[in-house]
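# Reading the structure
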Amino acid sequence: MPIIAARPYDFTFPAHGLGLIVIDMQRDFLEPGGFGEALGNDVGHLAAAIGPTARLLAAFRARGLPVIHTREAHSPDLSDCPPAKLRRGRGALHIGDPGPMGRILIDGEEGSAIVSELAPLPGEKVVRKPGKGAFHATALGQLLPQLGISHLIFAGVTTEVCVQTTMREANDRGYECLLAEDATASYFPAFKRATIDMLVAQDGIVGWAASVQAIETALGEL
Ligand code: C5J
């Protein structure tokens with residue numbers, strides 16, 4: 001089996017069971033004027049993950065391996081947004097309010113789109129999700145077996161919120177999960193470091209972590 005040099009130990013995967021899932025690389029989180037900034041965050045911290053994620057996309061696409069993108073976005077009538085989520089935060093702008101990129105975190109608005117550098121290609125699956133975890137209220141649980149995926153490489157934002165939640169959901173469903181360390185980011189760099197340490201602790205209680213370079217090297221040997 002192919003091997004990725006990873007923490008806490010090597011990650012092995014079947015050549016035909018590996019998929020890439022890119023979590024929420026949306027303008028609403030990465031650019032000024034979106035949901036991330038409305039919550040008081042410095043969105044500049046997330047830009048570093050774009051280039052490494054683009055490299056992962058290129059490596060998977062070149063080998064015809066499956067790629068899934070997720071987007072956190074609500075329907076325009078907000079019927080899929082729990083009142084607690086809608087109320088959360090003390091800033092001036094909330095989910096559904098008009099902002100510089102359209103209504104905040106609403107499907108179809110400019111802000112809900114994936115950043116242009118990482119735009120999905122025709123045929124790639126895009127899962128719209130109303131929650132932090134990508135399995136909650138989506139068809140992801142059915143999609144992964146349809147694509148023959150047993151092992152998942154994770155990229156995206158933010159490390160400690162939607163990426164970590166989805167990786168934990170996937171782990172509980174029996175998937176082998178590896179987080180690409182430089183292809184994920186947080187508004188709080190210390191949270192990113194702590195999250196990765198938590199995921200790989202106890203000999204991989206949730207999964208593995210590796211650099212994009214290590215993943216590229218392993219894929220290069222397929
Ligand atoms: C957040 C996300 N942070 N994609 N969403 O609200 O992590």
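Residues numbered from 1 in each chain as written. Predicted model: local features only at pLDDT ≥ 70, side-chain atom pairs only at ≥ 80, totals over all residues. Heavy atoms only, no water.

The name an unreviewed UniProt entry gives the chain is Cysteine hydrolase, with Telmatospirillum siberiense as the organism.

Tallied over the full model, the rule gives 5 aromatic pairs. Note on Phe11 and Trp208: the rings are 5.1 Å apart at their centroids and 70 degrees apart in plane angle, and the pair reads as edge-to-face. With Phe11 in strand S2 (residues 11-12) and Trp208 in strand S10 (residues 208-210), this pair connects stretches of sequence that are 197 residues apart. Take Phe11: its relative accessible area is 1%, and that puts it in the buried class. Take Trp208: its relative accessible area is 11%, and that puts it in the buried class. (Phe/Tyr/Trp six-rings, centres within 6.5 Å; stacked < 30°, edge-to-face > 60°. Helix = DSSP H or I, 4+ residues; strand = E, 2+ residues; numbered from the N terminus. Buried < 20%, exposed > 50% of the residue type's maximum accessible area, 1.4 Å probe, protein only.)

In this section: the site of the ligand. Neighbouring the ligand are Asp24, Phe29, Phe35, Glu72, Lys132, Val157, Thr158, Val161 and Cys162. Asp24 is positioned such that a nitrogen or oxygen atom in its side chain is 2.7 Å from a nitrogen atom of the ligand. Isolated, the ligand exposes 230 Å² of accessible area, and the fraction of that covered by the protein chains is 93%. Residues of the shell around the ligand, tallied by class, amount to 5 nonpolar, 1 polar and 3 charged. (Near = heavy atom within 4 Å. Polar contact = N/O pair within 3.5 Å; in protein donor to acceptor, adjacent residues only side chain to side chain. Areas by Shrake-Rupley, 256 points an atom, 1.4 Å probe, with all protein chains shown as cover. Nonpolar A, V, L, I, M, F, W, Y, C, P; charged D, E, K, R; others polar.)

As a further point, take helix H8 (residues 212-220). Residues lying three or four places apart along an α-helix face the same way, a consequence of the helix completing one turn every 3.6 residues. Listed in full, the buried residues belonging to H8 are Val212, Ala214, Ile215, Ala218 and Leu219. Along the axis of H8, the buried positions cluster into a sector of 160 degrees, meaning they face one direction only. In this fold, the buried residues of H8 make contact with strand S1 (3-4), strand S3 (18-23), helix H3 (50-62), strand S8 (151-157), strand S9 (176-185) and S10. (Arc of directions from axis to C-beta. Contact = heavy atoms within 4.5 Å.)

Before going further, it helps to spend a moment on the nonpolar core. Ile4, Phe11, Leu56, Ile153, Leu178 and Ile215 are the most contacted members of the largest nonpolar core, which totals 46 residues. Residue assignment for this core shows that the elements contributing at least two residues are S3, helix H1 (27-30), helix H2 (35-38), H3, S8, S9, S10 and H8. Residues contacting Ile153, with those up to four places away along its chain left out, are Ile4, Phe11, Leu18, Gly19, Leu20, Ile21, Leu56, Phe60, Leu178, Ala180 and Ile215. Listed in part, the 24 residues of the second largest apolar core include Ile21, Ile23, Ile68 and Ala134. (Core = buried A, V, L, I, M, F, W, Y, C linked by side-chain atoms within 4.5 Å.)

Time to look at the pairing of S9. Within S9, 7 of the 10 residues are buried, which leaves the element mostly enclosed by the surrounding structure. Note: S8 against S9, 6 bridges, orientation parallel. From the neighbouring strand, Val157 faces S9, where its bridge partner is Ala185. Crossover connection from S8 via helix H6 (residues 159-172) to parallel S9: handedness right-handed. Pairing of S9 with S10 involves 3 bridges; the strand directions are parallel. Directly across from Leu179, in S10, lies its bridge partner Ala209. With respect to chirality, the unit in which S9 leads through helix H7 (residues 189-204) into the neighbouring parallel S10 is right-handed. (Pairing = 2+ DSSP bridges. Right-handed = clockwise from strand over helix to strand, strands pointing away.)

A few words now on H7. Taking 1.5 Å of rise per residue, 16 residues should cover 22 Å, and H7 covers 21 Å from first to last C-alpha, within 8% of that figure. Along H7, the largest kink reaches about 25 degrees and is centred on Met198. Along H7, the residues that are buried comprise Thr195, Ile196, Leu199, Val200 and Gly204. Where H7 is buried, its residues contact H6, S9 and S10. (Expected span 1.5 Å × (residues − 1). Bend = angle between axes of the 7 residues up to and from the residue.)

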